[in-house]
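Topology and contacts: notes
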Amino acid sequence: MCAAQIVPEEQIQRQYEYMDLIAARNAEQERLSGRKPRAVAHTFGCQQNFADTERLAGMLVEMGYALTDDLNEAGLILYNTCAVREHAESRAFGNVGALTHVKKARPETVIALCGCMVQQEKAAEKVRKSYPHVDLVFGTHALWRFPELLFRTLTENKRVFDLSGDEKGEIAEGLPVLRGDGVRAWLSIMYGCNNFCTYCIVPYVRGRERSRDPETIESEFRELIAAGYKDITLLGQNVNSYGRDLGQGEDFSALLRRLDAVPGEYLIRFMTSHPKDASPRLFDTMAECRHVARQLHLPFQSGSDEILHRMNRGYTAEHYRGLIAYAREKMPEITLSSDIIVGFPGETETDFEQTLTLVREVGFDMLYTFLYSKRSGTPAAEYPDHMTKEEKQRQFERLLRVQDETVEKRQADYLGKRLRVLVDGEGKDPNYPYAARTEGGLLVCCSGQGLKTGAFAEIEIDKTTLRCLFGHAV
Ligand code: 5AD
Ligand code: SF4
């Protein structure tokens, strides 16, 4: 496999020229109206999408827009959509449908859709036919061409659709990013996915795995640390296969060591890991790196080998147990979380029981549970499915109960313990006015003299609930 191509410098430069052209138009508008034109940039879906929206927002600011949440004052509304489950799609369509009123009241408002949902031919076609008020549609691979596409939308007086695929497998570097205030930041280290789990649409809409160059990642990481971010999450669909396409011998463990060597007081987190590619080497590295948080999100999806096989996950429940045992041996205090799918086609009661058993056995700190959602174009969409919606719903609720029991038990174990946390905002409870995260990523509401956002502190836990730990500074 060869390394991803970097979009040539001249083409990035072209995007800056389009940004200048739009900025000039917006400056003229500002001169006439006395204020900057407003833009809404809203994200549906996962962290990767949030990170993409930060790049789009960076371009919007460069183009002279001020960001807002108020649809009624926006001259441009951009929705970054998700396709992972049907629910995400119907929410996006619902929100887009509601914009007909905005368009009627202010026809000059530009309405734009981008991201995973509209990368699918079928969804884009639906927008084309049934949502005529949408002016601009572009998929995940055209994200970096947003300025050019927006310029065409503004000047050509016709709808613009760009659904180009990832034939070139390109990565665009050097475009602006607008990150939120605060102490946490996302950093994409790779794009796409090669795994083709049979239920998942992601590989079809985000293309093949492309790793960013380690030097580029390191310099962006250093910029984040210099800007005062303290809690940085490295993002990829399957970070454990980072670097495979680069052919330089630097894998994810090596990347972690490289970043861990950057001086400062901060935490590194990462997601998502795949049990097929997570290795003892990764856990050894985590244990040895000073800044790497003791937190692991390792989705197992199902506790049944038969279902795992039909999901094309590439591991067994036993292998998964082995990984957890090794991670815990190396880092006894590690916080564990996972994703689970309930109601995969053909799943039996026995399969489901095996999932419950695994949940109970491992004792996760957090679980993200999903009802299987049929995604057209994926292999599992063709699998026979005998279970009724009601049966699946009942299983789902059983799983939620088991999840609550195990999470509650885990939380209770923290009572009286001292934990290092990073204060990252304000809490809602006046007795515990600060919100913080443990190294393991758990939410702690805390009180105490001298706590401040962006600072690390030692907290003793006074009480626990399902969602939050409470404690005071020591
Ligand atoms: N239906 C339900 N859940 C899904 N996920 C991915 N695809 C589907 C689907 N078709 C879940 C998986 C994955 C998480 C991000 O979303 O659990 O780990
Ligand atoms: Fe989807 Fe599987 Fe890739 Fe995750 S690893 S994005 S679940 S195909």
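This is a predicted model, so every value here is computed, not measured.

What counts and how
- Residues numbered from 1 in each chain as written.
- Chains lettered and ligands numbered in written order.
- Predicted model: local features only at pLDDT ≥ 70, side-chain atom pairs only at ≥ 80, totals over all residues.
- Heavy atoms only, no water.
- Helix = DSSP H or I, 4+ residues; strand = E, 2+ residues; numbered from the N terminus.
- Rg over C-alpha atoms; globule rule 2.2 N^0.38 Å.
- Buried < 20%, exposed > 50% of the residue type's maximum accessible area, 1.4 Å probe, protein only.
- Contact = heavy atoms within 4.5 Å.
- Domains from an automatic or database assignment.
- Expected span 1.5 Å × (residues − 1).
- Arc of directions from axis to C-beta.
- Near = heavy atom within 4 Å.
- Nonpolar A, V, L, I, M, F, W, Y, C, P; charged D, E, K, R; others polar.
- Polar contact = N/O pair within 3.5 Å; in protein donor to acceptor, adjacent residues only side chain to side chain.
- Areas by Shrake-Rupley, 256 points an atom, 1.4 Å probe, with all protein chains shown as cover.
- Pairing = 2+ DSSP bridges.
- Axes fitted to C-alpha atoms, helices over the stretch in contact; angles between N-to-C directions.
- Patch = residues over 30% accessible without salt bridge, like charges linked within 9 Å, V, L, I, M, F, W, Y side chains within 5 Å.
- Salt bridge = Lys/Arg side-chain N within 4 Å of Asp/Glu carboxyl O.
- Phe/Tyr/Trp six-rings, centres within 6.5 Å; stacked < 30°, edge-to-face > 60°.
- Lys NZ or Arg CZ within 6 Å of the ring centre and 35° of its normal.
- Core = buried A, V, L, I, M, F, W, Y, C linked by side-chain atoms within 4.5 Å.

1. Remarks on the overall build of the protein chain
If you tally the helices and strands in the protein chain, you get 15 helices and 21 strands. For 474 residues, the compact-globule formula gives about 23 Å, and the C-alpha radius of gyration of the protein chain, at 23 Å, lands near that figure. Taken over 474 residues, the protein chain has a buried fraction of 55%. A fraction of 75% describes how many contacts in the protein chain between residues 6 or more apart in sequence connect residues 24 or more apart.

2. Quick look at the domain arrangement of the protein chain
Per the domain assignment, the segments of the protein chain are domain 1 (5–162) and domain 2 (418–473). The C-alpha-based centres of domain 1 and domain 2 are spaced at 37 Å.

3. A look at helix H14 (residues 349–362)
With 14 residues, H14 should cover 20 Å at 1.5 Å per step; its first-to-last C-alpha distance of 20 Å lies within 8% of that length. All of the buried residues in H14 are Asp351, Phe352, Thr355, Leu356, Leu358, Val359 and Val362. The buried residues of H14 occupy one face: seen down the axis, they fall within an arc of 160°. Gly363 sits one or two positions beyond H14 and adopts a positive phi of about 70°.

4. What to know about the site of ligand 2
Taken together, Cys193, Asn195, Phe196, Cys197, Tyr199, Cys200, Val202, Pro203, Gln237, His274 and Arg313 make up the full set of residues adjacent to ligand 2. Here the shell around ligand 2 is composed, by residue class, of seven nonpolar, three polar and one charged.

5. Some words on helix H7 (residues 146–156)
Taken together, the buried positions of H7 are Phe146, Pro147, Glu148, Leu149, Leu150, Phe151 and Thr153. Where H7 is buried, its residues touch helix H1 (9–33), helix H2 (47–62), strand E4 (74–81), strand E5 (110–115), strand E6 (136–138) and strand E7 (160–162). Backbone geometry just downstream of H7 places Asn157 in the positive-phi region, at approximately 60°.

6. Comments concerning the site of ligand 1
Surveying the vicinity of ligand 1 reveals the residues Val84, Arg85, Tyr199, Gln301, Asp339, Ile341, Phe370, Leu371, Tyr372, Ser373 and Arg375. In the environment of ligand 1, a nitrogen atom lies 3.0 Å from a nitrogen or oxygen atom belonging to the backbone of Tyr199. Note that an oxygen atom of ligand 1 is positioned 2.6 Å from one of the side-chain N or O atoms of Gln301. When isolated, ligand 1 has an accessible area of 400 Å², and the protein chains bury 85% of it. When residues of the shell around ligand 1 are traced back to their parent elements, those giving at least two are strand E15 (335–342) and strand E16 (366–371). In terms of residue class, the shell around ligand 1 is made up of six nonpolar, two polar and three charged.

7. Topic: the sheet that holds strand E3 (residues 66–67)
Read across the open sheet, the six strands follow the order E3-E2-E4-E5-E6-E7; overall the sheet is parallel. Here the strands that pair on one side only, and so sit at the sheet edges, are E3 and E7. Note: E5 against E6, three bridges, orientation parallel. What sits directly across from Leu113, in E6, is Val137. The strands touched by H2 within the sheet are strand E2 (38–43), E3, E4, E5 and E6, with E4 carrying the most contacts at an inclination of about 155°.

8. Notes on the sheet that holds strand E17 (residues 418–426)
Pairing in this closed barrel of five strands is mixed, and the strands run E17-E18-E19-E21-E20 around the ring. When the angles between neighbouring strand axes are averaged without regard to direction, this sheet yields 50°. Both E17 and strand E20 (residues 456–464) contribute to a ladder of five bridges, which runs antiparallel. Bridge assignment links Arg418 to a residue of E20, and that residue is Glu460.

9. Digging into a nonpolar patch on the surface
On the surface, a cluster of nonpolar side chains totalling about 210 Å² of accessible area is made up of Val61, Leu67 and Leu178. Note that Leu67 resides in strand E3. Judged by relative accessible area, which is 36%, Leu67 ranks as partly exposed.

10. Some words on the pattern of salt bridges
Applying the stated criterion across every chain, the model contains 40 salt bridges. A salt bridge links Glu73 to Arg35; the nearest nitrogen and oxygen atoms lie 2.9 Å apart. With Glu73 in the loop between E3 and E4 and Arg35 in the loop between H1 and E2, this residue pair connects regions lying 38 residues apart in the sequence. What you see here is one network of salt bridges that share partners, running through Glu54, Glu173, Arg179, Arg212 and Glu220.

11. Remarks on the packing of aromatic side chains
Scanning all chains against the criterion turns up 14 aromatic pairs. With a centroid separation of 5.2 Å and 55° between ring planes, the pair formed by Phe300 and Tyr320 is classed as tilted. Pair noted here: Phe300 is in the loop between strand E14 (295–297) and helix H12 (305–310) and Tyr320 is in helix H13 (residues 317–330), with a separation of 20 residues, a long-range link. Members of the aromatic cluster, each reached through a chain of ring pairs, are Tyr199, Phe344, Tyr372 and Tyr383. One cation-aromatic arrangement involves Lys126 over Phe93; the distance from NZ or CZ to the ring centre is 4.0 Å. Of note, Arg128 hangs over the ring of Phe161, and the distance from its end group to the ring centre comes to 4.2 Å.

12. Examining the nonpolar core
The biggest cluster of nonpolar side chains holds 52 residues, and the ones touching the most others in it are Ile189, Phe221, Ile232, Leu234, Phe252, Phe270 and Phe283. Top contributing element to this core by residue count: H14, with five residues. Not counting residues up to four positions away in its chain, the partners in contact with Ile232 are Ala185, Leu187, Phe221, Leu224, Ile225, Leu267, Ile268 and Arg269.

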